[in-house]
Amino acid sequence: MEYYCGIEIIEQLTLDCCKVMVASVKPLNTSEMIEAVLARLSPSRRDKTMRYRHLKGKALSAGAGLLLDYMLHDYGLRERDMRYEVGEHGKPSLKEHPELHFNLSHSDTLVACALGQCPVGVDVQHIVTLRDSLVQYTMSREEIDALNAMESDEDKALFFTQLWTLKESYAKATGRGLTHEFPAFAIGSDNKVKALSRLTPPATFRLINLQDAVAAVAMKY
């Protein structure tokens, strides 16, 4: 495993127009360690980190910033020098580097970052417990049929988590976030979007299966 300033890199992929990394923030397990890494981060990320009341939230926020910093090294940049602006639906971008697109996500002890030269979205989730309200909110009719055809609860939970991360990553890549109606599009076994409405732009995907978790990246073209 590779470590960077208190985070552990557990997965990395280089795709056509972006790079994706997933890291564990378990090593950032004390307030002293978090305080020590804040100097490496931008004022915006430091402020966001310190707004969290609990250690877990601080570790995830700082860890996300450190992961972005690590990936920005490929472009000769540092996160601590970055200034951000926010899009219509809350998606942040690098103010002085519009040629670069990034997205961050976190779940429990994991953080994920996608960075590249196309609009990207990334999501990481530990395997979720199925709830009917979440299924109805997330899935199209044909996806619900596929879920119900599965026999084991474990298979259903994995299938749902994979689909949830794919759809979250797509909504983030489009910049629409949770304003996107998730049942309005499906994602097929070929990892391509099946448009169920005219508001669904095309994208490509990559699914990353981790231990007890799933990550997904969407690249909009």
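Up top is the structure these notes are about.
In this report, we go over the structure that sits alongside the text. Keep in mind that this is a model prediction, so the values were computed, not measured. All residue numbers refer to position in the chain's written sequence, counted from 1. At least 70 in pLDDT is required for a residue's local features to be given in this predicted model, at least 80 for side-chain atom pairs to be given and counted, and no such filter applies to totals for whole chains, interfaces and linings, which use all residues. As a rule here, side-chain values cover all heavy atoms of the structure and leave hydrogens and water aside.

Some remarks on the nonpolar core
Taken as a class, soluble globular proteins show a tendency for nonpolar side chains to be buried jointly. Counting 30 residues, the largest nonpolar core has Ile7, Leu28, Leu67 and Leu72 as the members making the most contacts within it. Comment: elements are numbered from the N terminus, with helices defined as DSSP H or I runs of at least four residues and strands as E runs of at least two. Broken down by secondary-structure element, the contributors of at least two residues to this core are strand S2 (7-14), strand S3 (18-24), helix H1 (31-38), helix H3 (55-72), strand S6 (101-107) and strand S7 (110-116). Top element by residues in this core is H3. It accounts for ten residues. Whether two residues are in contact is decided by their heavy atoms: any pair within 4.5 Å suffices. In contact with Leu67, not counting residues within four places along its chain, are Ile7, Ile9, Met21, Ala23, Val111, Ala112 and Cys113. Definition of nonpolar core: a set of buried residues of the types Ala, Val, Leu, Ile, Met, Phe, Trp, Tyr and Cys, connected through side-chain atoms within 4.5 Å. Think of it in three bands: with a 1.4 Å probe and only protein chains considered, a residue is buried below 20% of the maximum accessible area for its type, exposed above 50%, and partly exposed in between. In terms of nonpolar packing, the next biggest core, distinct from the first, is built from 17 residues, Cys18, Val22, Leu210 and Val217 among them.

Focus: the sheet that holds strand S1 (residues 2-4)
Picture the strands of a sheet paired through backbone hydrogen bonds; they go either parallel or antiparallel. Two strands qualify as a pair provided that DSSP identifies no fewer than 2 bridges between them. Strand order in the open sheet formed by five strands is S1-S2-S3-S7-S6, and the pairing between neighbours is antiparallel. With partners counted over all chains shown, the strands left at the sheet margins are S1 and S6, one partner each. Averaged over all adjacent pairs, the angle separating strand axes in this sheet is 30°, with direction ignored. As paired strands, S3 and S7 are joined by seven bridges and run antiparallel to one another. Residue pairing for S7: Val22 is matched across the bridge by Ala112. Axis definition: a line fitted to C-alpha atoms, over the contacting stretch in the case of helices. Angles run 0 to 180 degrees between N-to-C directions.

Overview of the packing of aromatic side chains
Under the pairing criterion, centres of Phe, Tyr and Trp rings, with the six-membered ring standing for Trp, must be within 6.5 Å; the plane angle then separates stacked pairs below 30 degrees from edge-to-face pairs above 60, leaving the rest tilted. By the definition in use, this model includes five aromatic pairs. Here the aromatic rings of Tyr4 and Tyr70 are separated by 5.0 Å at their centres, their planes lie at 50°, and the arrangement is tilted. With Tyr4 in strand S1 and Tyr70 in helix H3, this pair connects stretches of sequence that are 66 residues apart. Considered together, Tyr4 and Tyr70 belong to a single accessibility category, that of buried residues. Three or more aromatic residues joined by ring pairs form one cluster here, namely Tyr137, Phe160 and Trp164.

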